[in-house]
Amino acid sequence: MLLTKYTHSCIRLEQDGRVLVLDPGIFSESATALAGADTVLITHEHPDHYDGDALAHALSTLPDLSVHAPAGVARDLRVRAPEAQGRIMDAAPGERFTAAGFAVECFGGQHALIHPSIPVVANVGYLIDDDLYHPGDALIVPDGVSVGTLLVPVHAPWSKVSEVVDFVVSVRAPHAFQIHDGLLNEQGLAFTESHIARIGGLHGVKFRHLHAGQSVDI
């Protein structure tokens, strides 16, 4: 499986001619990530993970594209792209489905708390082909599975470094790459990632930084 990292939390997966995209948001190169996509998974409604305009356009130009997202996102997208309603599905924790040949299992439930005055929204983490886990904006450890490749939200208004490190140690995936890095400059990112790599390494996790547009086989 070929993984391509785009800015912030957007990931593109390619295998045997099939393409799955996760969280194309307004910080990401959404048009590039979505080109020729078969399936899109959205973790939650915040615009840094859900570029509604870009996704509606993709649905209008890619007649076989399907989207799985929490109910609120799916509802909004059906309004934006009414002609594609039949290709927009709700996703919720505990569900399993196959999309464009990729096996998908859903975890989580809620977005991490930013502040008590800010409403909490639904958040769904996705395990792809029993290997790759994208948690969205919540540090939910998936139960009952062994993750091979973990996508780590390295920085957010709702997290701190110790929580991110504990998440990496708890999941203990052999391989990990960063996501949710669009709000950090190079110095801040290097500082945070050094802690993740050092402490995660003590528990068998090999952490690697990917630049925007960089691809790696997993």
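The following refers to the structure shown. This structure is a prediction, so every number in the text was calculated from the model and none was measured.

## Some remarks on the sheet that holds strand β2 (residues 11–15)
Strand order in the open sheet formed by seven strands is β6-β5-β4-β3-β2-β1-β14, and the pairing between neighbours is mixed. Both edges of this open sheet fall to β6 (88–90) and β14 (215–217), since each of them pairs with a single strand only. Between one strand axis and the next, the sheet turns by 20 degrees as a mean value, whatever way the strands run. Looking at chain direction, β2 and strand β3 (residues 18–22) are connected through five bridges and run antiparallel. For I11, the partnering residue across the bridge sits in β3 and is L22. Strand contacts of helix α3 (residues 71–80): β5 (66–69) and β6, with the helix running at about 160 degrees to β6, the strand carrying the most contacts.

## Observations concerning α3
Within α3, the full set of buried residues consists of V73, A74 and L77. Looking straight down α3, one finds its buried side chains confined to an arc of 95 degrees; they lie on one side. Of the exposed residues in α3, those oriented more than 90 degrees away from the buried face are R75 and V79. Here the buried face of α3 lies against α2 (52–61), β5 and β6.

## Things to note about the packing of aromatic side chains
The relative placement of two aromatic rings is captured by the distance of their centres and the angle of their planes. Scanning the model with the defined rule gives one aromatic pair in all. When the ring centre of F102 is taken as reference, the NZ or CZ atom of R18 above it lies at 4.6 Å.

## Some points on the pairing of strand β8 (residues 102–110)
Looking at chain direction, strand β7 (residues 96–99) and β8 are connected through four bridges and run antiparallel. If you follow T98 over to β8, its bridge partner there is A103. As consecutive antiparallel partners, β7 and β8 are separated by two residues, and within that stretch A100 has a phi angle of approximately 55 degrees, a positive value. Judged from the seven bridges that link them, β8 and strand β9 (residues 122–128) form a sheet pairing that is antiparallel. In the sheet register, Q110 faces β9, and the bridge partner there is A122.

## What to know about a nonpolar patch on the surface
A surface patch of nonpolar side chains, about 270 Å² in accessible area, is lined by I26, F27 and L183. Looking at the element boundaries, I26 is found in the loop between β3 and α1 (30–34). Classification of I26 by relative accessible area gives partly exposed; the value is 48%.

## Looking at unusual backbone geometry
One non-glycine residue, D23, lies in the positive phi region at around 50 degrees. Summarising the element assignment, D23 is placed in the loop between β3 and α1. Take D23: its relative accessible area is 0%, and that puts it in the buried class. Located in the positive-phi region is D130, a residue other than glycine, with phi close to 55 degrees.

## Re the sheet that holds strand β11 (residues 149–153)
Strand order in the open sheet formed by seven strands is β7-β8-β9-β10-β11-β12-β13, with mixed pairing between adjacent strands. Taken across any chain shown, the strands that pair with only one partner, and hence form the sheet edges, are β7 and β13 (206–208). Each strand of the sheet is rotated relative to its neighbour by a mean of 30 degrees, with strand direction disregarded. Packing of helix α4 (residues 161–171) onto the sheet brings it into contact with β10 (132–134) and β11, and relative to β11 it is tilted by some 170 degrees.

## Thoughts on empty space enclosed by the protein
Following the criterion strictly, the structure yields one cavity of 30 Å³ or more and no others. Here the largest cavity is characterised by a volume of approximately 40 Å³. Contributing to the lining of the largest cavity are H46, H111, A112, L113, I114, I118, P119, V120 and V121. Partitioning the lining of the largest cavity into residue classes produces seven nonpolar, two polar and no charged.

## Some remarks on the pattern of salt bridges
Taken as a whole and judged by the stated rule, the model has seven salt bridges. Put simply, R80 and D53 hold a salt bridge, and the shortest N to O gap is 2.7 Å. Separated by 27 residues along the polypeptide, R80 in helix α3 and D53 in helix α2 bring together distant segments of the chain. Relative accessible area serves as the criterion here: at 39%, R80 is assigned to the partly exposed category. The shortest N-O distance in the salt bridge between D90 and R78 comes to 2.9 Å.

The rules behind each value
- Residues numbered from 1 in each chain as written.
- Predicted model: local features only at pLDDT ≥ 70, side-chain atom pairs only at ≥ 80, totals over all residues.
- Heavy atoms only, no water.
- Pairing = 2+ DSSP bridges.
- Helix = DSSP H or I, 4+ residues; strand = E, 2+ residues; numbered from the N terminus.
- Axes fitted to C-alpha atoms, helices over the stretch in contact; angles between N-to-C directions.
- Contact = heavy atoms within 4.5 Å.
- Buried < 20%, exposed > 50% of the residue type's maximum accessible area, 1.4 Å probe, protein only.
- Arc of directions from axis to C-beta.
- Phe/Tyr/Trp six-rings, centres within 6.5 Å; stacked < 30°, edge-to-face > 60°.
- Lys NZ or Arg CZ within 6 Å of the ring centre and 35° of its normal.
- Patch = residues over 30% accessible without salt bridge, like charges linked within 9 Å, V, L, I, M, F, W, Y side chains within 5 Å.
- Areas by Shrake-Rupley, 256 points an atom, 1.4 Å probe, with all protein chains shown as cover.
- Salt bridge = Lys/Arg side-chain N within 4 Å of Asp/Glu carboxyl O.
- 1 Å grid on protein atoms, 1.4 Å probe; cavity = no way out; pocket = protein on both sides within 12 Å on 5 of 7 lines; lining within 4 Å.
- Points joined across faces, edges and corners; volume = space filled by probe spheres on them.
- Nonpolar A, V, L, I, M, F, W, Y, C, P; charged D, E, K, R; others polar.

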